[in-house]
Every structure is written in C-alpha cells, then in structure tokens.
Amino acid sequence: MKERVKFVLEWEKRWDAGEGVVNVSELCREFGVSRDAGHRLIARYCRSGRDVAAVAERSRRPHTTPMKVDERVEELVAAARKAHPTWGPKRLRKLLRDRCDVPIPAPSTVGEILKRRGLTLPRRRRVRSKWSSEPFASVDAPNVTWCADFKGQFRMLDGRVCYPLTIIDAHTRFLVRCEVLLEPNGAEVMRVSIQRFKSTGCRRRFAPTTGLPL
C-alpha cells in the first residue's frame, strides 16, 4: 500500500510540474511495475478525485455467484445424507430429483456439499506393493517351482462371483495359466493343476500360496 501511494503521489508531482505531461513508462520502471498496472493505479486515483485510499488492494471475490447452490438445496442434500449415511452422491441426487420440485445439482456438486458439511470421509489410499520381477531366492532356474494363488474375486453379469486362479513360474514370473473358478476350494485347484501338469509335465516343486491343501 505504501508503494502504491508513493507511485500515485510521484505521478501527481510530475504531472503538476510538467503541466500535464508525465513519462509513465519511466515512472513504472522506477517502481518496478508494469505499464498496465501503473495506468490502472493512475486511473483509479484520478476517478476518486485524487484520494490515495482508492489505490488500496481490492477484494478479488466476485460480486455475484450465479452458479452458487441455494441454501435450501444444500439442506435437502444434508438431510438425505443423514437419512441414508451409506449412499453416494449419485444415489442421493436421484432420490432428491424424484422427491423434490427444485433443481438438484450434478453428483459432483452434491459430493462437494457433503464434503463441505463434513458428511463424508476422505477415501483411504490403497497401499500397493511394488511389483518385482526377481525370482525367489530358492529358485535358480525356470520350470523348477510353480506358484498358485487366487487373485481376488469379482461379480459377473449374471450375479455369480468368480475367483481367478493363477499359476506362475517362480523364476521367470511367467503366467502359466489363469483359470476362472466358481468355488475357491482345494478340489478345483487340484483339477486345474493336474490338467496343466498333463499338458506340460510335473514340476520339481509346486508351491500353493492360497493356504489350500494340495
């Protein structure tokens, strides 16, 4: 603020001394400001009747916020969330659109309202283990040891849950087989393993990492 006041007062001094002629570019270089900024300060100073208070820092907040959500809508969103604490923004928005006669904002805005009002918790970051291409310490050649493991499960379009069984070579990490099973039990693992052994031969060691007896 002090530098702004000094700038306009120096401009006024040179204006009066030079009978209305001031080299604004030179003045801006002396104060280390751009010419656009200098001309804006001078214009504000002159419009105010040469009041130094006119060059004070102005608020950058917009005068109007046409996209601001109405307080009534925010209250409806908060009430719906409290009634259904496990529902997400999309489901809450559909509920409000079906029951209310006021425009309901997009799911992303509904999520922001919930976050702003403390009605949601930040999502936990998943800890991912680093992928390794190195063989196990006890394996010194390919096709010596194979490892079997279930890599999670997911629901199919028909509603049934399937369990992907993977068999990899412990040395090369090559995926030998991936079989989708409906039941994650030892009998199914044995069936898939025997089928693979019949086509490629048995390994010296077969290490199941599923905890199932083989």
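To keep things clear, this report deals only with the structure shown in the data block. Not measured: the values here are computed from a predicted model.

The rules behind each value
- Residues numbered from 1 in each chain as written.
- Predicted model: local features only at pLDDT ≥ 70, side-chain atom pairs only at ≥ 80, totals over all residues.
- Heavy atoms only, no water.
- Helix = DSSP H or I, 4+ residues; strand = E, 2+ residues; numbered from the N terminus.
- Buried < 20%, exposed > 50% of the residue type's maximum accessible area, 1.4 Å probe, protein only.
- Contact = heavy atoms within 4.5 Å.
- Areas by Shrake-Rupley, 256 points an atom, 1.4 Å probe, with all protein chains shown as cover.
- 1 Å grid on protein atoms, 1.4 Å probe; cavity = no way out; pocket = protein on both sides within 12 Å on 5 of 7 lines; lining within 4 Å.
- Points joined across faces, edges and corners; volume = space filled by probe spheres on them.
- Core = buried A, V, L, I, M, F, W, Y, C linked by side-chain atoms within 4.5 Å.
- Axes fitted to C-alpha atoms, helices over the stretch in contact; angles between N-to-C directions.
- Parallel < 35°, antiparallel > 145°, perpendicular 65-115°, else oblique.
- Nonpolar A, V, L, I, M, F, W, Y, C, P; charged D, E, K, R; others polar.

Here we take up the overall build of the protein chain. When helices and strands are tallied, the protein chain shows seven helices and five strands. Secondary structure elements of the protein chain, listed N to C terminal, follow the sequence α-α-α-α-α-α-β-β-β-β-α-β. Taking all 214 residues of the protein chain together, 27% fall into the buried category. Across the protein chain, every contact between residues at least 6 apart in sequence was considered, and the portion connecting residues at least 24 apart equals 47%. In the structure as shown, the protein chain presents an accessible area of about 15800 Å², 53% of it carried by carbon and sulfur atoms.

This part is about the layout of surface pockets. Taken as a whole, the largest pocket spans an internal volume of roughly 330 Å³. In terms of lining, the largest pocket is formed by 13 residues, of which the most central are Arg4, Ala37, Leu41, Arg44 and Glu57. Counting residues per element, the ones that place at least two in the lining of the largest pocket are helix H1 (2-17) and helix H3 (35-47). Here the lining of the largest pocket takes four residues from H3, the largest share from any one element.

Once that is clear, we can look at unusual backbone geometry. For Arg50, which is not glycine, the phi dihedral falls at a positive 65°. Inspection of the secondary structure assignment puts Arg50 in the loop between H3 and helix H4 (71-83). Take Arg50: its relative accessible area is 31%, and that puts it in the partly exposed class. One non-glycine residue with positive phi stands out, namely Arg173, at about 60°. Assignment of secondary structure puts Arg173 in the loop between strand E3 (161-169) and strand E4 (175-181). With a relative accessible area of 26%, Arg173 lands in the partly exposed category.

Residues Val73, Val77, Ala80, Leu92, Leu96, Ile104 and Leu114 are the most contacted members of the largest nonpolar core, which totals 13 residues. Discounting chain neighbours no more than four positions away, the residues touching Ile104 are Val73, Arg93, Leu96 and Arg97.

Turning our eyes to something else, we now look at the packing of H4 against helix H6 (residues 107-116). Their axes nearest at 10 Å, the elements H4 and H6 cross at an angle of 75°. Between H4 and H6, the crossing angle belongs to the class labelled roughly perpendicular. Contacts between H4 and H6 involve Glu74, Val77 and Arg81 from the former and Val110, Ile113, Leu114 and Arg116 from the latter. For the contact of H4 with H6, the class distribution of residues is four nonpolar, no polar and three charged.

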